[in-house]
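# Chains, contacts and geometry: an overview
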Amino acid sequence: MGSMERKLKNDMVRSYVRYLKLERNYSANTLEAYQHDLQYLLDYCEKESKMPTDLQLEDLEHFAATIHEHGVGPTSQARILSGVRSFYRFLLLDGYIENDPTELLESPRLGEHLPEVLSTKEVDQLEASIDLSKKEGQRNLAIIEVLFSCGLRVSELVNLKLSDLYLQEGYIRVVGKGNKERLVPISEKAIRELGNWFYDRNEMVIKPGEQDYVFLNRRGAHLTRTMILIMIKRQAVEAGIKKTISPHTLRHSFATALLEGGADLRAIQSMLGHEDIGTTEIYTHLDTTTLREEILNHHPRNIRRE
């Protein structure tokens, strides 16, 4: 690959990253992940002495085989190929290519992996195990209830501000991925637990610049994702819950509870802040026993006459 081609390749990569940042509003961490995965393709192009714009479907199928041979697992392969598709969609959009060679590129088949889910009873069990005599007890109770009642990502929870709360109206404003805002209803129980936490919060010495964050640590600074992960895992042990859970488990439990309660998938998509309905569809699993009972009880062919 000559110096002119290399410069052109670097220019298109820079343009792509700028597009992700400015047009797609991706965070610094997401940008870094996209660039890391794209590097697999750039290394392949270097080895084959080809420009990304030269690659056809058969080249990309060969590329997919090479990352498999490097010991990259199916989940990571699928993520890398998703990034490659995003890159080629940009090249098409920006006029570098006339046809997208990734349209028929297949990802490796992934076994269906469904995250753990807690029933409402198990969430109650988790909350009941919290020692409210400890300084952080009420805060932790409010955190768990807000995660379960609103289905927030942990990053959304740690960045939740007092100015995002509209508790009298019964909703909160959430800033999700790509700085996209959405309004999410909040339950009366979550509002009550937040109110109890605010009694404790009002007694705290809060660091300058941290006054607007809803959830704070003992030093008066906002919490990190890791702090919440550790807290929830410890609380699960205290509650005697054997499942492997994380903050995301409560988000998944929120979506599953809504679905089982009869909520529309589009409404769940809106509340979770998913850009693609396909992402929401992973939540459409129902316990097969429950589903069987629903069919037996409600299908017109199964209703027993009294």
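So, how was this worked out
- Residues numbered from 1 in each chain as written.
- Predicted model: local features only at pLDDT ≥ 70, side-chain atom pairs only at ≥ 80, totals over all residues.
- Heavy atoms only, no water.
- Pairing = 2+ DSSP bridges.
- Helix = DSSP H or I, 4+ residues; strand = E, 2+ residues; numbered from the N terminus.
- Axes fitted to C-alpha atoms, helices over the stretch in contact; angles between N-to-C directions.
- Parallel < 35°, antiparallel > 145°, perpendicular 65-115°, else oblique.
- Contact = heavy atoms within 4.5 Å.
- Nonpolar A, V, L, I, M, F, W, Y, C, P; charged D, E, K, R; others polar.
- Buried < 20%, exposed > 50% of the residue type's maximum accessible area, 1.4 Å probe, protein only.
- Polar contact = N/O pair within 3.5 Å; in protein donor to acceptor, adjacent residues only side chain to side chain.

### A word on the sheet that holds strand β2 (residues 171-175)
Ordered by their spatial adjacency, three strands build an open sheet running β1-β2-β3, and the pairing between neighbours is antiparallel. Looking along the sheet, the strands with just one partner apiece sit at the ends: β1 (165-166) and β3 (181-185). Of the strand pairs in this sheet, β2 and β3 are connected by five bridges, and their pairing is antiparallel. In the strand pairing of β3, V175 is matched with E181.

### Some thoughts on the packing of helix α6 (residues 137-150) against helix α9 (residues 225-239)
Geometry of a packed helix pair, given as the angle between the helix axes and the separation of the axes. Direction vectors running N to C along α6 and α9 enclose 95 degrees, while the axes themselves pass 11 Å from each other. For the element pair α6 / α9, the angle class is roughly perpendicular. From α6, N140, I143, I144 and L147 reach across to α9, where they touch I228, M231, I232 and Q235. Taken together, the residues of the contact of α6 with α9 sort by class into six nonpolar, two polar and no charged.

### Re the side chain of D37
Tracing the backbone shows D37 in helix α2 (residues 28-48). By relative accessible area, D37 is classed as buried at 5%. A polar contact is formed between the side chain of D37 and the side chain of H36, at a distance of 3.3 Å.

### Description of the environment of L165
With respect to the helices and strands, L165 occurs in strand β1. Dropping the residues within four chain positions of it, L165 is found in contact with L160, Y171, I172, F198 and V214.

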